[in-house]
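Chains, contacts and geometry: an overview
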Amino acid sequence: MTAPILQVKNLGMSFGGIRALDELDLEVNSGEIVALIGPNGAGKTTFFNCVTGIYQPTQGDVMLNPPSRSSIRLNNLKPNQVAEKGMARTFQNIRLFQNMTVLENVMIGRHCRTKSFILGAILRNKATREEEYQTIEKSYHILQKMGLEKQANDLASNLSYGAQRRLEIGRALATEPFLLLLDEPAAGMNPQETAELIELINKLQQEGQSILLIEHDMKLVMELSHRIYVMDYGRRIAVGTPEQIRNNPVVIKAYLGEAADA
Ligand SMILES: Nc1ncnc2c1ncn2[C@@H]1O[C@H](COP(=O)(O)OP(=O)(O)OP(=O)(O)O)[C@@H](O)[C@H]1O
Ligand SMILES: [Mg+2]
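Residues numbered from 1 in each chain as written. Chains lettered and ligands numbered in written order. Predicted model: local features only at pLDDT ≥ 70, side-chain atom pairs only at ≥ 80, totals over all residues. Heavy atoms only, no water.

**Comments concerning the site of ligand 1**
As a structural note, the neighbourhood of ligand 1 is formed by 13 residues, with G41, K44, T46, Q92 and H216 the closest of them. One of the backbone nitrogen or oxygen atoms of G43 is found 2.9 Å away from an oxygen atom of ligand 1. Here an oxygen atom of ligand 1 and a side-chain polar atom of T45 are 2.9 Å apart. Bound to the protein, ligand 1 loses 65% of the 640 Å² it would expose on its own. (Near = heavy atom within 4 Å. Polar contact = N/O pair within 3.5 Å; in protein donor to acceptor, adjacent residues only side chain to side chain. Areas by Shrake-Rupley, 256 points an atom, 1.4 Å probe, with all protein chains shown as cover.)

**Section: the coordination of the magnesium ion (ligand 2)**
The coordination sphere of the magnesium ion (ligand 2) contains the protein donors T45 (OG1) and Q92 (OE1), at a distance range of 2.0 to 2.2 Å. Of this pair, T45 sits in helix α1 (residues 44–51) while Q92 sits in the loop between β6 (87–89) and α3 (102–110), and the two are 47 residues apart along the sequence. (Donors = N, O, S within 2.8 Å, 3.2 Å for Na, K, Ca; no water. Helix = DSSP H or I, 4+ residues; strand = E, 2+ residues; numbered from the N terminus.)

**What about the sheet that holds strand β5 (residues 72–73)?**
What the 4 strands build is an open sheet, ordered β2-β1-β4-β5; its pairing is antiparallel. The open sheet terminates on both sides in strands that have one partner only, identified here as β2 (18–28) and β5. When strand β1 (residues 6–15) meets β2, the two strands line up antiparallel, connected through 7 bridges. By the bridge assignment, Q7 is partnered in β2 with E27. Its contacts with the sheet place α1 against β1, β2 and β4 (59–64), and it is angled at close to 110° to β1. (Pairing = 2+ DSSP bridges. Contact = heavy atoms within 4.5 Å. Axes fitted to C-alpha atoms, helices over the stretch in contact; angles between N-to-C directions.)

**Looking at helix α6 (residues 161–173)**
Taking 1.5 Å of rise per residue, 13 residues should cover 18 Å, and α6 covers 19 Å from first to last C-alpha, within 8% of that figure. With 12 of 13 residues buried, α6 lies mostly within the body of the structure. Buried residues of α6: G162, A163, Q164, R165, R166, L167, E168, I169, G170, R171, A172 and L173, and no others. Turning to α6, the residues buried within the fold contact β6, α3, α5 (126–146), β7 (179–183) and α7 (191–206). (Expected span 1.5 Å × (residues − 1). Buried < 20%, exposed > 50% of the residue type's maximum accessible area, 1.4 Å probe, protein only.)

**Remarks on the sheet that holds strand β3 (residues 33–37)**
Strand order across the open sheet formed by 6 strands is β6-β7-β8-β3-β9-β10, with mixed pairing between neighbours. Bordering the open sheet on either side are β6 and β10 (235–240), each of which pairs with just one other strand. Here the strands of the sheet are splayed against their neighbours by 20° on average, with no regard to which way each runs. Pairing of β7 with strand β8 (residues 210–214) involves 5 bridges; the strand directions are parallel.

**With respect to the pattern of salt bridges**
Counting across every chain of the model gives 11 salt bridges. In this structure, E196 engages R166 in a salt bridge whose closest nitrogen and oxygen atoms are separated by 3.8 Å. Separated by 30 residues along the polypeptide, E196 in helix α7 and R166 in helix α6 bring together distant segments of the chain. Three or more residues are tied together by salt bridges with common partners; here these are R19, D22, E23 and R235. (Salt bridge = Lys/Arg side-chain N within 4 Å of Asp/Glu carboxyl O.)

**Digging into unusual backbone geometry**
A positive phi angle, near 75°, is found at N76, a position not held by glycine. By secondary structure assignment, the location of N76 is in the loop between β5 and α2 (79–85). The backbone phi angle of E176 is positive, close to 55°, even though this residue is not glycine. Residue classification places E176 among the partly exposed positions, given a relative accessible area of 41%.

**Thoughts on the domain arrangement of the protein chain**
By a frequent convention, interface size equals the accessible area lost on bringing the separate parts together. The domains assigned to the protein chain are domain 1 (1–86 + 177–262) and domain 2 (96–176). With centres defined by C-alpha atoms, the gap from domain 1 to domain 2 works out at 26 Å. Taken together, the contact between domain 1 and domain 2 spans 21 residues of the former and 14 residues of the latter. Summed over both partners, the interface of domain 1 with domain 2 comes to about 1300 Å²; 65% of that surface belongs to carbon and sulfur atoms. Broken down residue by residue, the surface that domain 1 buries against domain 2 is led by E84, P177 and L200, which jointly contribute 31%. Along the contact surface separating domain 1 from domain 2 lie 3 residue pairs in polar contact (both at pLDDT 80 or more). Residue assignment for the side of domain 1 that touches domain 2 shows that the elements contributing at least two residues are α2, β7 and α7. (Domains from an automatic or database assignment. Buried area = accessible area lost by both parts, 1.4 Å probe.)

**Overview of the packing of aromatic side chains**
Here the structure, examined in full by the defined rule, presents 1 aromatic pair. Each ring, one from F15 and one from Y55, has its centre 5.3 Å from the other, and the planes form 80°; the classification is edge-to-face. Remark: Y55 occurs in the loop between α1 and β4 and F15 occurs in strand β1; sequence separation between them is 40 residues. Here Y55 falls in the partly exposed class, since its relative accessible area comes to 29%. (Phe/Tyr/Trp six-rings, centres within 6.5 Å; stacked < 30°, edge-to-face > 60°.)

So this is what it looks like as structure tokens:
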């Protein structure tokens, strides 16, 4: 049996007195779509921040096991190093370079897979030009996949909200990740945009992309996920298939509790 592509054990994170993550275990197998759900403030984004080097967890292990390669311990790496090792993410609040074009935003994502150094860029030697050409070509290919090729030369700020979210996914994909992390990809989307997003994520999975996503849109979660982890107050309260999670009384209570408090 091959090791899970992401293996997180006993993850803990404290902010002063707040225990945002507590003894959290989570695994993503190669080719899987896994969802991480839970009420607001459960610790989902903190989990992403701890496994992608934005925060250093106070305890636990984060292992990436790329297929046919040796395992990589991600603890203590910086966000750019985590991306280099093969895990890319999008953010709950869109983080694009608004004053750059759609194409340039994806090209920046490819930066960690290119070799040219500053000197090469200044001298513009053959190798640098060749690499630049390939970067543009690969970035266009990603834009086609995202359905954004017609807007390649528009400023990112001119895209609709749904298109900006797709561009963020494109930028993450440009790093050629073994595992793609999406933090609320459907947030703020209208039903049509969400339906297109479901189709896109499905297509990526069919191409072999492993995906871990945080999402409040239960239609998307139930339609796409192979397995679902449920968090509440920094702890894992359930894990299972969509069917098992839908009928789990502990999960229902966590969500109803949130509704009752609202
Ligand atoms: N940098 C920080 N400093 C202090 N507390 C933080 C910090 N980041 C997160 N927290 C706290 O950790 C807890 C979990 O927050 P987190 O953003 O991970 O929740 P979430 O599950 O992503 O919620 P949502 O669904 O609303 O995005 C919250 O109590 C939050 O206030
Ligand atoms: Mg969040």
